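# Residue-level structural notes
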Amino acid sequence: MLTWRQSEEVAIPAELLAGTCAQLFAFIAARVVAFAGAEATGALGFTFSFACSQTALDAGTLLGWTKGFRLSDGPGLDVVALLRTALAARGSALSVAALVNDTVGTLAAARYADTRTSASVILGTGALSEARWVSQR
Amino acid sequence: MIVNTEWGGFAGASLPRLPADEAVDAASANPRAQCFEKMVAGLYLGRVAAALLLQAEAEAPVLGPAAAAALARPDALPTPLLSRVANDASDDGADAAAALAEALGGPLSAPGLARCQEACSLVTRRAARLSAAGIAALLRHAGDTDATVAMDGGLFEHHAAFAAGVRACLAEQGLGATLRLTPDGSGVGAALIAAAAGKAV
């Protein structure tokens, strides 16, 4: 049962949309650590709203940037590995346990509340990717 | 099994394109890709409306050169503004007029305001109906036309005329699907899946 929930929305600075993956993921990791705390441990689910070739629950390579993102690298890179590297660089003990496409995440969340849910659709405004941290409580 | 359709990349003869769509595509970060997305995603709706208005202005000016110059700038009509204009159903359109005056650097004439409102409403309506078409196709293909569909995304959550348009179009198509807003569903879902993965290990 979902007993506790806290969230924060962070906009990705425009200059990071045209930089490198290392810069983008360093920013994401920094904001995740700022939110969860430097001492936080536990499983982290990564919602990544771009088409990936997903080979495992916790592994997927980016196929291409859309929605105005135009980083100099990315396609062909494992985005979980990128996030893990960035989190480790900040000394975080958070563990990326799952890579989830945003529609799959929405489907899971909705089915958790109502098992009649059989489809999910995202009709969004722009381009934010986010990481959500699950506390071990 | 879960199928992720990535329908943003849909293109083809059944998806008619306007000169405004060509203009938005050419100016985008990924030309010739994500054709459907560029007609329904919030990121692009304001750009399509601006392109329509510029085209109309060239043929029959009502906005004036200053407003036209403002419209020609990148992201002159951000989606929250388009939403505000399209959702103003009042007789005098005062809120729409205020929003546009701020964006275009000065008050509009009555015909100018009317044209902007129409462009914003048309773009909203097209995006809503195209989105509904996608949902209808999905449900019909799955043989599940009375499905409960989880919805997320700022456009659906905050743009009332858009969400109403999607629902109305589905009803018009005779589909009994329930669209349930699941705010921040993608984030919560990722956390749930991560938690489940942790337990499985």
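Scroll up to find the structure.
Here we summarise the structure given alongside this text.

Each value, and the rule that gives it
Residues numbered from 1 in each chain as written. Chains lettered and ligands numbered in written order. Predicted model: local features only at pLDDT ≥ 70, side-chain atom pairs only at ≥ 80, totals over all residues. Heavy atoms only, no water. Contact = heavy atoms within 4.5 Å. Buried area = accessible area lost by both parts, 1.4 Å probe. Salt bridge = Lys/Arg side-chain N within 4 Å of Asp/Glu carboxyl O. Polar contact = N/O pair within 3.5 Å; in protein donor to acceptor, adjacent residues only side chain to side chain. Helix = DSSP H or I, 4+ residues; strand = E, 2+ residues; numbered from the N terminus. Nonpolar A, V, L, I, M, F, W, Y, C, P; charged D, E, K, R; others polar. Pairing = 2+ DSSP bridges. Axes fitted to C-alpha atoms, helices over the stretch in contact; angles between N-to-C directions. Parallel < 35°, antiparallel > 145°, perpendicular 65-115°, else oblique. Left-handed = near helix turned anticlockwise from the far one by under 90°. Buried < 20%, exposed > 50% of the residue type's maximum accessible area, 1.4 Å probe, protein only. Phe/Tyr/Trp six-rings, centres within 6.5 Å; stacked < 30°, edge-to-face > 60°. Lys NZ or Arg CZ within 6 Å of the ring centre and 35° of its normal. 1 Å grid on protein atoms, 1.4 Å probe; cavity = no way out; pocket = protein on both sides within 12 Å on 5 of 7 lines; lining within 4 Å. Points joined across faces, edges and corners; volume = space filled by probe spheres on them.

## Describing the interface of chain B and chain A
Taken together, the 46 residues of chain B in the interface contact 43 residues of chain A. In total, about 3300 Å² of surface goes out of reach between chain B and chain A, with carbon and sulfur atoms giving 67% of it. Where chain B meets chain A, there are one salt bridge. Between Arg180 of chain B and Asp114 of chain A there is a salt bridge whose closest N-O contact spans 2.3 Å. Seen at the junction of chain B and chain A, the total is 12 residue pairs in polar contact (both at pLDDT 80 or more). In terms of residue count, helix 10 (residues 185–200) of chain B provides more of the side of chain B that touches chain A than any other element does, 12 residues in total. Per-class residue counts for the side of chain B that touches chain A are 26 nonpolar, 14 polar and six charged. Pairing geometry for strand 5 (residues 117–122) of chain A and strand 1 (residues 148–152) of chain B, over five bridges, is parallel. Its bridge partner lying in strand 1 of chain B, Ser120 of chain A is registered against Ala150 of chain B.

## Concerning the packing of helix 1 (residues 19–26) of chain B against helix 3 (residues 42–59) of chain B
Residue and element names in this part refer to chain B. Interhelical geometry of helix 1 versus helix 3 gives an angle of 125 degrees and a closest axis separation of 9 Å. The orientation of helix 1 relative to helix 3 falls into the category oblique. Pair helix 1 / helix 3 crosses with right-handed handedness. Here Pro19, Ala20, Asp21, Ala23 and Val24 of helix 1 come into contact with helix 3, specifically with Tyr44, Arg47, Val48, Ala51, Leu52 and Gln55. In the contact of helix 1 with helix 3, the residues fall into eight nonpolar, one polar and two charged.

## Considerations on the environment of Ser72 of chain A
All names here are of chain A. The topology assignment puts Ser72 in the loop between strand 3 (59–62) and helix 2 (79–89). Take Ser72: its relative accessible area is 59%, and that puts it in the exposed class. For the pair Ser72 and Cys21, spaced 51 residues apart in the sequence, the C-alpha separation amounts to 7.7 Å. Residues within four places of Ser72 in sequence aside, it is in contact with Gly19 and Thr20.

## Here we look at the packing of aromatic side chains
All names here are of chain A. For the structure shown, the criterion picks out 10 aromatic pairs over all chains. Their ring planes at 80 degrees and their centres at 5.0 Å tell us that Phe50 and Trp65 sit as a pair that is edge-to-face. In this pair, Phe50 is assigned in the loop between strand 1 (41–47) and strand 2 (52–56) and Trp65 in the loop between strand 3 and helix 2, connecting sequence segments 15 residues apart. The two residues Phe50 and Trp65 agree in class, both being buried. Their ring planes at 65 degrees and their centres at 4.8 Å tell us that Phe50 and Phe69 sit as a pair that is edge-to-face. Of this pair, Phe50 sits in the loop between strand 1 and strand 2 while Phe69 sits in the loop between strand 3 and helix 2, and the two are 19 residues apart along the sequence. The exposure class of Phe69 is buried, given its relative accessible area of 4%. Following the ring pairs from residue to residue traces out a cluster consisting of Phe25, Phe46, Phe48, Phe50, Trp65 and Phe69. Against the face of Phe50 rests Lys67, its NZ or CZ located 4.8 Å from the ring centre.

## Let's talk about empty space enclosed by the protein
One simple way to see leftover space: roll a probe sized like a water molecule over the atoms. All names here are of chain B. Considering all chains together, one arrives at one cavity of 30 Å³ or more under this definition. In this structure, the largest cavity occupies an estimated 40 Å³ of space. Every residue along the wall of the largest cavity is listed here: Arg17, Asp21, Val24, Asp25, Cys35, Lys38 and Met39. Among the elements of the structure, helix 1 and helix 2 (37–40) are those that each provide at least two residues to the lining of the largest cavity. The biggest single contributor to the lining of the largest cavity is helix 1, with three residues.

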